[in-house]
Amino acid sequence: MTNTLLSTYRQLLKEINKQFTSQNNNQYWKQQLIEAFRKNKDITNIEVSQRLNQDAQDVLSFLRSNRRHNELLASYNPTHGQSEEKRVELTANRVGLKVPGSDV
């Protein structure tokens, strides 16, 4: 494994840990990544190795972008990820109104 590929592998492990493993203790994606890298560790063909490295970097870029997108949604839209009922209630409260039947 070259230094670039090893670096990408470590970064992928960190990103998967941030998004999947630490949030819901799901080891599936981490195990899939480890298995994929172990399966392809003995590849000697330069072109195949470069293609796999580029694919790994693309996946890393996607995971980072997806995480950043969700962070921005949460920061600019505080009702993101909440139920429709809760969003309506928060929106009404923001403009000084109350939703009928919410005082029960």
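Everything quoted here is computed from the prediction, not taken from an experiment.

Calculation criteria
- Residues numbered from 1 in each chain as written.
- Predicted model: local features only at pLDDT ≥ 70, side-chain atom pairs only at ≥ 80, totals over all residues.
- Heavy atoms only, no water.
- Axes fitted to C-alpha atoms, helices over the stretch in contact; angles between N-to-C directions.
- Helix = DSSP H or I, 4+ residues; strand = E, 2+ residues; numbered from the N terminus.
- Parallel < 35°, antiparallel > 145°, perpendicular 65-115°, else oblique.
- Left-handed = near helix turned anticlockwise from the far one by under 90°.
- Contact = heavy atoms within 4.5 Å.
- Nonpolar A, V, L, I, M, F, W, Y, C, P; charged D, E, K, R; others polar.
- Expected span 1.5 Å × (residues − 1).
- Bend = angle between axes of the 7 residues up to and from the residue.
- Buried < 20%, exposed > 50% of the residue type's maximum accessible area, 1.4 Å probe, protein only.

Student: Would you mind going over the packing of helix 1 (residues 3-24) against helix 3 (residues 46-76) with me for this structure?
Tutor: What describes two packed helices is the angle between their axes and the distance between those same axes. Between helix 1 and helix 3, the least distance of the axes is 10 Å, while the angle of their chain directions is 30°. Classified by the interaxial angle, the pair formed by helix 1 and helix 3 is roughly parallel. Along this stretch, helix 1 crosses helix 3, giving a crossing that reads as left-handed. Mapping the contact onto sequence places T4, L5, T8, Q11, L12, E15, I16, K18, Q19 and F20 in helix 1 and N53, A56, Q57, V59, L60, L63, R64, N66 and R67 in helix 3. Its residues placed into classes, the contact of helix 1 with helix 3 shows 8 nonpolar, 7 polar and 4 charged.

Student: What is the right way to look at helix 1 in this model?
Tutor: Side chains three or four residues apart in an α-helix point the same way, a direct result of the helix having 3.6 residues per turn. A rise of 1.5 Å per residue sets the reference length of helix 1, with its 22 residues, at 32 Å; its end C-alpha atoms lie 31 Å apart and thus fit the reference within 8%. Along helix 1, the sharpest change in direction is near 50° and occurs at N17. Of the positions making up helix 1, those classed as buried are L5, T8, Y9, L12, E15, I16, Q19 and T21. Buried positions along helix 1 lie against helix 2 (28-39) and helix 3. Looking at the residues trailing helix 1, positive phi occurs at N25, about 55°.

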